[in-house]
Amino acid sequence: MEVIILFSTFLVLLLIGMPIAFALGIASVAYLLLEGISLTIVPQRLYAGIDTFVLLCIPGFVLAGNLMNVGNITEHIVRFANALLGHIRGGLGLANVGGSMIFGGISGTAVADAASIGSVMIPGMAKSGYDKPFAAAVTAASSTVGPIIPPSVPMIIAGSLSGVSVGRMFLAGAIPGLLLGLAMMVTVYILAVRRGYPKGERATFLELLREGRTAFWALLMTAIILYGIIGGFFTPTEASIVASLYALVVGMYVYKGLTWRKLPAILTDTVFTSSALLLMVGLANLFGWILTSEQIPQMVASTILAISENPIIVILILNLILLFVGAFMETIAALIILFPALLGVATGVGMDPVHFAVMAVLNLMIGLTTPPVGVCLFVVAGIGKLPMLTVARAIVPFLACNLAVLMLVSYVPTISLWLPNLLMGE
């Protein structure tokens, strides 16, 4: 009975618009009161949830992303992508996806990608003759690449939950992220040809060189992070600090969009964003502890394996569960609550933990562009001043494309495991 009240309270609070961290906390406290468990467990589990060294990556990468955003990085990334791809039919749409692939290696978060790229590309594409719903849909769909291509906040969380090296997790997302981006480019091109969207003029070699030289500093940031972690020069947490210092120098002295006067606002935003994420991690840990004490993960595992022990069927069931939850719940909370239970099922049918983690994150990213609670849909609908339902209809071809990549990643482990095994050993 208490478990039913736990889930009912949580769902009702979500439906009335309560922030997910508070919904997790209030539902958990309600359960503890009904069970007669001392509320001293709340600060204990909250602290235990965030008392992990690798989670210090989160404030570091959030700060780096904020510094690069304010430092005009988005504009330079879009201009470089447009110089490369603008001459092809639907070139601005392709540049939108390409910009997200580059930006994903900086921010590591889908919502930041949708907001930053969208504010530049949605009005720009509309002025150039593209349907505004199409522009918004491309932006929302391509934003899901951000947390797959390293660095990635969800991968950090998944690594900490599974005990797998965050460096391996970062590498495991690289090829699936590229596949996701390329598949969306193909979708954009097909739709552009069918609908007669415009194409621009081919950039000259000098223009391409100029834009590439400017975007080089953004690309170098990802290279420094990955090389530093793989080469053993610094831990993921240290990498986030290096990235922040690098972003500060580049934003201030190369792109020159960053000034000392803007730093207090950037730091304040970073504190609020990081605090919200870490509070969610802590309260989700409390919620997860309750589920574990009620043996919900074991029940979930038993139920799935009772349906079938065939790896193909089990992987399909895992995907359906993650897609469903991702459509309603925030990524970090869903990972913390579901990941430990489903990881046991996945490894039970022979999946590598790294492979499963990539699959899980990819599922939850797709959920960000799926109604009814797709956060990225709301972001781009707000930027484009469009009804959310209009954007949801326009994104259907991209959802189909992303689901096809998801199935490929799910059933071909080599896509996720080849690069980490090559560079870091099995």
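The rules behind these values
Residues numbered from 1 in each chain as written. Predicted model: local features only at pLDDT ≥ 70, side-chain atom pairs only at ≥ 80, totals over all residues. Heavy atoms only, no water. Helix = DSSP H or I, 4+ residues; strand = E, 2+ residues; numbered from the N terminus. Buried < 20%, exposed > 50% of the residue type's maximum accessible area, 1.4 Å probe, protein only. Axes fitted to C-alpha atoms, helices over the stretch in contact; angles between N-to-C directions. Parallel < 35°, antiparallel > 145°, perpendicular 65-115°, else oblique. Left-handed = near helix turned anticlockwise from the far one by under 90°. Contact = heavy atoms within 4.5 Å. Nonpolar A, V, L, I, M, F, W, Y, C, P; charged D, E, K, R; others polar. Phe/Tyr/Trp six-rings, centres within 6.5 Å; stacked < 30°, edge-to-face > 60°. Patch = residues over 30% accessible without salt bridge, like charges linked within 9 Å, V, L, I, M, F, W, Y side chains within 5 Å. Areas by Shrake-Rupley, 256 points an atom, 1.4 Å probe, with all protein chains shown as cover. Salt bridge = Lys/Arg side-chain N within 4 Å of Asp/Glu carboxyl O. Expected span 1.5 Å × (residues − 1). Bend = angle between axes of the 7 residues up to and from the residue. Polar contact = N/O pair within 3.5 Å; in protein donor to acceptor, adjacent residues only side chain to side chain.

A. Examining unusual backbone geometry more closely. Positive phi, close to 60°, is recorded for K256, a residue that is not glycine. With respect to the helices and strands, the residue K256 is situated in the loop between α12 (236-253) and α13 (263-293). Its identity as a non-glycine residue notwithstanding, K385 has a phi of 55°, on the positive side. Among the structural elements, K385 can be located in the loop between α18 (375-384) and α19 (388-394). A residue is classified by how much of its surface remains accessible, and K385, at 75% relative accessible area, is exposed.

B. Region of interest: the packing of helix α1 (residues 2-15) against helix α2 (residues 20-35). At a closest axis distance of 9 Å, the pairing of α1 and α2 adopts a crossing angle of 155°. With respect to each other, α1 and α2 are oriented roughly antiparallel. The way α1 lies across α2 gives a crossing that is right-handed. Across the interface between the two elements, E2, V3, I5, L6, T9, F10, L13 and L14 of α1 pack against I20, A23, L24, I26, A27, S28, Y31, L34 and E35 of α2. The class makeup of the residues in the contact of α1 with α2 is 13 nonpolar, two polar and two charged.

C. Structural view of the packing of aromatic side chains. Counted according to the given criterion, the structure contains seven aromatic pairs. Relative to Y197, the ring of F134 lies with its centre 4.8 Å away and its plane at 40°, an arrangement referred to as tilted. A residue pair is termed long-range when its members are at least 10 positions apart, and F134 in helix α8 (residues 132-143) and Y197 in the loop between α10 (166-195) and α11 (205-230) qualify at 63 residues. Ring pairs connect the aromatic residues Y130, F134, Y197 and F398, which therefore count as one cluster.

D. Expanded view of a nonpolar patch on the surface. On the surface, I307, I312, I313, L316, L320, L408, Y411 and V412 cluster together into a nonpolar patch covering about 690 Å² of accessible area. Only α15 (311-326) and α20 (396-411) provide two or more residues apiece to the nonpolar patch. The leading source of residues in the nonpolar patch is α15, at four residues.

E. Geometry of α10. The terminal C-alpha atoms of α10, which comprises 30 residues, lie 43 Å apart, in line with the 44 Å expected from a rise of 1.5 Å per residue. Its maximal kink placed at A174, α10 deviates by approximately 30°, while the proline P176 follows within four residues. With a side-chain oxygen lying 3.2 Å from the backbone nitrogen of G167, the N-terminal cap of α10 falls on S165. Of the residues one or two after α10, G196 is the one with positive phi, at around 70°.

Purely spatial values, then, with no claim about function.
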